[in-house]
Amino acid sequence: MPAETSQTVVPRDAKTVRPAAAARPRKAPRSRVVGAQALPLNQILSGDCVERMNAMPEGSVDMIFADPPYNLQLRGDLHRPDNSKVDAVDDAWDRFDGFSAYDRFSRAWLKAARRVLKPGGTMWVIGSYHNIFRVGAALQDEGFWILNDIVWRKSNPMPNFRGRRFTNAHETLIWAARDEGGKYTFNYEALKSLNDGVQMRSDWVLPICSGGERLKDEAGRKVHPTQKPEALLHRIILGATQPGDVILDPFFGSGTTGAAARRLGRAWIGIEREEGYRTAAAKRIAEVKPYDMEALQTTRSRRAAPRIPFGQVVERGMLRPGMVLTSADGRRKAKLRADATLSADGTTGSIHQVGAAVQGAPSCNGWTFWHFEKDGALVPIDWLRQQILAEVEA
């Protein structure tokens, strides 16, 4: 990789805060590092990523997205059938003296990355067949716990011009927690909503970066050969972080991570050795307009919502003891009692227990099964729970 510089490029919204301000109360507390520098939020740092990460406070980052050099091992130029040269990755930063050198590099930056992650933090690493398996092994050796591998299938991949192999139409992402068994952020319902109400799978079909999103220099050449599409980072950030979280990208490149993070209301830190990339990324991110706070709200998992006991509905007089609740079809009925239990056909118990009993079913969600009459229509009692929940969260 090229010699490091000391320049730091700071977009106009940059700010620096002390580690305590960057931590979120819902996360486990992190260790403190005596003498560590302030966390450089919303800045692009120059220099070696390992040195820069080692200078950061321990346990200070919520998520890391890493797009390390792929070590493509190219042998000569690549040409199309019309003999035009392919703009491939042949930069000095992607060259290593063999696999052992690349492995040492991988272990060094992974160790530094794990140190700066919070106990509930996760990391995403993307790569091709050239490097992802070696990085994956090193990642496990450093103590990360793999949660998923994601196949990004490119809807518009570059063809295989030599015709000697299959077209490389995908890249692999590894999603890993800092620790086995640790609590981490996964916005399941938000990703499900993003996927038209269907559970998000581990194979993602997205186009490569092209068109107006691709950064070009004054001569019309690509600023960065492997610029990632912002759609990819949108999905990752939406699914694995919360607004206000801190995202670190140790191989910042053209700044896709920073652009997506800024748009989605997350703080970010970039590390990049190449001055040209830093300049282009800073200009790009400065032009990004963040979404407003209302737009940043996402569908939340029901497990994360405050628990509202059915007894609160009765205590507050929203339903009165002696009322008869019915199923949606009106065929099954139960009487409400003062202790928030139901009675039906000699069976008493919770809304869930009695709902299951009258159906002869092993279980039942009483909130959606039982209905009450409102304005001449049957309404599920869950409607009342949502009213209380709205008050609690207001």
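Residues numbered from 1 in each chain as written. Predicted model: local features only at pLDDT ≥ 70, side-chain atom pairs only at ≥ 80, totals over all residues. Heavy atoms only, no water.

Section: the environment of Trp-383
Its location among the elements puts Trp-383 in helix 13 (residues 382-393). Between the C-alpha atoms of Trp-383 and Phe-372, which are 11 residues apart in sequence, the distance is 9.9 Å. (Helix = DSSP H or I, 4+ residues; strand = E, 2+ residues; numbered from the N terminus.)

Re helix 3 (residues 99-116)
Here helix 3 spans 26 Å end to end across 18 residues, near enough to the 26 Å set by a 1.5 Å rise per residue. Turning to helix 3, its buried residues are Ala-101, Tyr-102, Asp-103, Phe-105, Ser-106, Trp-109, Leu-110, Ala-112, Ala-113 and Val-116. At its buried positions, helix 3 is contacted by helix 2 (49-54), strand 2 (61-66), strand 3 (117-127), helix 4 (132-141) and strand 7 (246-249). (Expected span 1.5 Å × (residues − 1). Buried < 20%, exposed > 50% of the residue type's maximum accessible area, 1.4 Å probe, protein only. Contact = heavy atoms within 4.5 Å.)

Section: the pattern of salt bridges
On inspection of all chains with the given rule, the structure shows 16 salt bridges. Its salt-bridge partner being Asp-203, residue Arg-201 comes within 2.9 Å of it at the nearest N-O pair. Arg-201 gets classed as exposed once you look at its relative accessible area, which sits at 58%. We note a salt bridge from Arg-221 to Asp-217, for which the minimum N-O separation is 3.3 Å. On the basis of relative accessibility, which here comes to 55%, the residue Arg-221 falls in the exposed class. (Salt bridge = Lys/Arg side-chain N within 4 Å of Asp/Glu carboxyl O.)

Remarks on helix 4
All buried positions along helix 4 are accounted for by Ile-132, Val-135, Gly-136, Ala-138 and Leu-139. Down the axis, helix 4 shows its buried residues gathered within 165° of arc, on one side only. Exposed residues pointing more than 90 degrees away from the buried face of helix 4 are listed as Phe-133 and Asp-141. Each element contacted by the buried residues of helix 4 is listed here: helix 3, strand 3, strand 4 (145-154) and strand 5 (170-177). Just downstream of helix 4 lies Gly-143, where phi reads positive at about 105°. (Arc of directions from axis to C-beta.)

Observations regarding the packing of aromatic side chains
The tally for this structure, following the rule as stated, stands at 11 aromatic pairs. When the ring of Phe-369 is compared with that of Trp-370, the centres are 4.8 Å apart and the planes differ by 80°; the resulting orientation is edge-to-face. A single burial state applies to Phe-369 and to Trp-370, both of which are buried. What links up through ring pairs into an aromatic cluster is the set Trp-124, Trp-175, Tyr-184, Phe-186, Tyr-188 and Trp-204. Positioned over the ring face of Trp-152 is Lys-154, at 5.2 Å from the centre of the ring. Here Arg-235 stacks its cationic end above the ring of Trp-204, 5.0 Å away from the centre of that ring. (Phe/Tyr/Trp six-rings, centres within 6.5 Å; stacked < 30°, edge-to-face > 60°. Lys NZ or Arg CZ within 6 Å of the ring centre and 35° of its normal.)

A look at the nonpolar core
Membership of the largest hydrophobic core comes to 33 residues, with the highest contact counts inside it found for Met-53, Ile-64, Trp-109, Met-123 and Leu-248. Residue assignment for this core shows that the elements contributing at least two residues are helix 2, strand 2, helix 3, strand 3, helix 4, strand 5, strand 7 and strand 8 (267-271). Tallying contributions element by element places helix 3 first for this core, with seven residues. Aside from chain neighbours lying at most four places away, what touches Trp-109 is Cys-49, Val-50, Met-53, Ala-66, Pro-68, Met-123, Val-125, Val-135 and Phe-251. Among the nonpolar cores identified, the runner-up in size contains 31 residues, and Trp-204, Leu-232, Ala-259 and Leu-264 belong to it. (Core = buried A, V, L, I, M, F, W, Y, C linked by side-chain atoms within 4.5 Å.)

Here we look at the pairing of strand 2
Burial within strand 2 is extensive, with six of its six residues counted as buried. In this sheet, strand 7 lies alongside strand 2 in parallel orientation, the contact comprising two bridges. Considered in strand 7, the bridge of Met-63 is made with Ile-247. (Pairing = 2+ DSSP bridges.)

Brief notes about the sheet that holds strand 1 (residues 43-45)
Paired through their backbone hydrogen bonds, the strands of a sheet run either parallel or antiparallel. An order of 1-8-7-2-3-5-4-6 is seen for the eight strands of this open sheet, with the pairing classed as mixed. In this open sheet, the two edge strands, each paired with only one partner strand, are strand 1 and strand 6 (203-206). Within this sheet the neighbouring strands show an average axis-to-axis angle of 20°, counted without direction. Where strand 2 and strand 3 come together, five bridges link them in parallel fashion. (Axes fitted to C-alpha atoms, helices over the stretch in contact; angles between N-to-C directions.)

Some thoughts on the pairing of strand 6
Taking every second residue as pointing to the same face, the buried face of strand 6 carries Trp-204 and Leu-206, while none of Asp-203 and Val-205 on the other face is buried. Relative to strand 6, strand 4 runs parallel, the two sharing four bridges. When the bridges of strand 6 are listed, Trp-152 appears paired with Trp-204.

Description of the side chain of Arg-262
Residue placement: Arg-262 occurs in helix 7 (residues 256-263). A distance of 2.9 Å separates a polar atom in the side chain of Arg-262 from the backbone oxygen of Val-288. (Polar contact = N/O pair within 3.5 Å; in protein donor to acceptor, adjacent residues only side chain to side chain.)

Quick word on the side chain of Thr-122
Inspection of the secondary structure assignment puts Thr-122 in strand 3. In terms of polar contacts, Thr-122 uses its side chain to reach the side chain of Trp-175, at 3.2 Å. Excluding its chain neighbours within four sequence positions, the residues that come into contact with Thr-122 are Asp-62, Met-63, Ile-64, Leu-117, Leu-147, Trp-175, Ala-176, Ala-177, Tyr-184 and Ala-240.

A short note on the packing of helix 3 against helix 4
Interhelical geometry of helix 3 versus helix 4 gives an angle of 45° and a closest axis separation of 9 Å. As far as their axial angle goes, helix 4 and helix 3 are oblique. The way helix 3 lies across helix 4 gives a crossing that is right-handed. Mapping the contact onto sequence places Phe-99, Tyr-102, Asp-103, Ser-106, Arg-107, Trp-109 and Leu-110 in helix 3 and Arg-134, Val-135, Ala-138 and Leu-139 in helix 4. Residues belonging to the contact of helix 3 with helix 4 are distributed by class as follows: seven nonpolar, one polar and three charged. (Parallel < 35°, antiparallel > 145°, perpendicular 65-115°, else oblique. Left-handed = near helix turned anticlockwise from the far one by under 90°. Nonpolar A, V, L, I, M, F, W, Y, C, P; charged D, E, K, R; others polar.)

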